[in-house]
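Remarks on the overall topology
Chain residues, written in single-letter form:
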Amino acid sequence: MTRSRSTAALIGILALLGLWSAPASALEAPEGRAILTVSGDIGTTNQGDQAVFDAAMLAELEGRTLETETPWHEGVRTFSGPLARAVLEAVDAGGEQVTAIALNDYSAEIPVSNFRDYDVILATHKDGERMSVRERGPIFVIYPFDGHPELHRETIYGRSVWQVNRLRVE
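Definitions and limits used
- Here the residue numbers are simple positions, counted from 1 along each chain's written sequence.
- For a predicted model such as this one, the threshold for reporting local features is a pLDDT of at least 70, and the threshold for listing and counting side-chain atom pairs is 80 or more; totals across whole chains, interfaces and linings nevertheless cover every residue.
- No hydrogens and no water enter the side-chain calculation; it runs on all heavy atoms of the structure.
- We count a stretch as a helix when DSSP gives it H or I for four or more residues in a row; a strand needs E for two or more, and each element gets its number in order from the N terminus.
- For every residue, the accessible area obtained with a 1.4 Å probe (protein chains only) is divided by the maximum for its type, and the residue is called buried under 20%, exposed over 50%, and partly exposed between those limits.
- We call two residues contacting when some pair of their heavy atoms lies within 4.5 Å.
- Note that accessible areas follow from Shrake-Rupley with a 1.4 Å probe, and for residues the cover is restricted to the protein chains shown.
- Within a predicted model, pLDDT stands for the predictor's per-residue confidence, ranging from 0 to 100.
- Within this document, salt bridges are pairs made up of a side-chain nitrogen of Lys or Arg and a carboxyl oxygen of Asp or Glu, the two lying within 4 Å of each other.
- What counts as a ring pair is set by centres within 6.5 Å for rings of Phe, Tyr and Trp (its six-membered ring), and what kind of pair is set by the plane angle: stacked under 30 degrees, edge-to-face over 60, tilted for all other angles.
- Should the NZ of a Lys or the CZ of an Arg lie within 6 Å of a ring centre and within 35 degrees of the ring normal, that charge is described as sitting over the ring.

**Points about the overall build of the chain**
What the chain contains, in helices and strands, is five helices and eleven strands. Relative to its 170 residues, the chain shows a buried fraction of 40%. Considering only contacts in the chain between residues 6 or more positions apart, those separated by 24 or more positions represent 58%. Within the structure as shown, the chain displays about 9500 Å² of accessible surface, and the carbon and sulfur contribution to it stands at 49%.

Below you can see the structure in the form of structure tokens.
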């Protein structure tokens, strides 16, 4: 092999290694209106030291639809949205606790273990419709109450924050 061919081959190999060492999935900037900002102990950001999501970005994450009764609604309702743990994975969260903060600054601390142990969703839809602020949107922390009787307690109800627009990982 000539010197120029070996140099070209080396450059090609280095370029491939550079691609392989890049993050598997970067968090793109939101194209639509931001509805969730995640801050704190996170490794992946898209706006300064925060990760900002629009509705489309949240819809791309692993999600769930669950039917459950809640203390705030009559009868069984259908909620859907991304799994809370999928959001934490998307931002490479490192903390043990998440503070969910609502539009009116109400907040609740939620152990990350809740997100691992249960299919907690950040519900963006109720009964197939996007939740407006009037309907407890843009995001409502919903636990799978009907599948887990142990979740029917005041501590968990307090963690079920509605009108969420921020998460802080600690």
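Text resumes after the structure shown.
**Quick word on the confidence of the model for the chain**
A low pLDDT score tells you not to read the predicted coordinates there in detail. Across the chain, the average pLDDT comes to 89, with 85% of residues at or above 70. Scored below 50 in pLDDT, residues 6-25 makes one contact in the model with residues more than four places away or belonging to other chains.

**Concerning the pattern of salt bridges**
Counting across every chain of the model gives eight salt bridges. Among the salt bridges present, the one from R64 reaches D119, with a minimum N-O distance of 3.4 Å. Of this pair, R64 sits in strand β3 (residues 63-69) while D119 is found in the loop between α4 (112-117) and β7 (121-123), placing the two residues 55 residues apart along the sequence. Judged by its relative accessible area of 32%, R64 falls in the partly exposed class. The residue R168 makes a salt bridge to E170 at a minimum N-O spacing of 3.2 Å. The class for E170 is partly exposed, based on a relative accessible area of 39%.

**As for the packing of aromatic side chains**
In the structure shown here, the tally under the stated rule is eight aromatic pairs. The interplanar angle of 80 degrees and the centroid separation of 5.9 Å between the aromatic rings of W72 and Y157 together place this pair among those described as edge-to-face. A residue pair is termed long-range when its members are at least 10 positions apart, and W72 in the loop between β3 and β4 (76-82) and Y157 in helix α5 (residues 154-159) qualify at 85 residues. With centroids separated by 6.2 Å and ring planes inclined at 40 degrees, the aromatic side chains of Y143 and F145 adopt a geometry described as tilted. Overall, Y143 belongs to the buried group, its relative accessible area being 0%. Taken together, the aromatic side chains of W72, F79, F140, Y143, F145, Y157 and W162 make up a single cluster linked through ring pairs. Lying across the ring of W162, R136 places its NZ or CZ 4.7 Å from the centre.

**Focus on the side chain of S80**
Locating S80 in the fold gives a position in strand β4. Using a relative accessible area of 19% as the deciding quantity, one classes S80 as buried. If near-sequence neighbours (up to four positions away) are discounted, S80 is found in contact with R64, T65, I121, L122, A123, T124 and H125.

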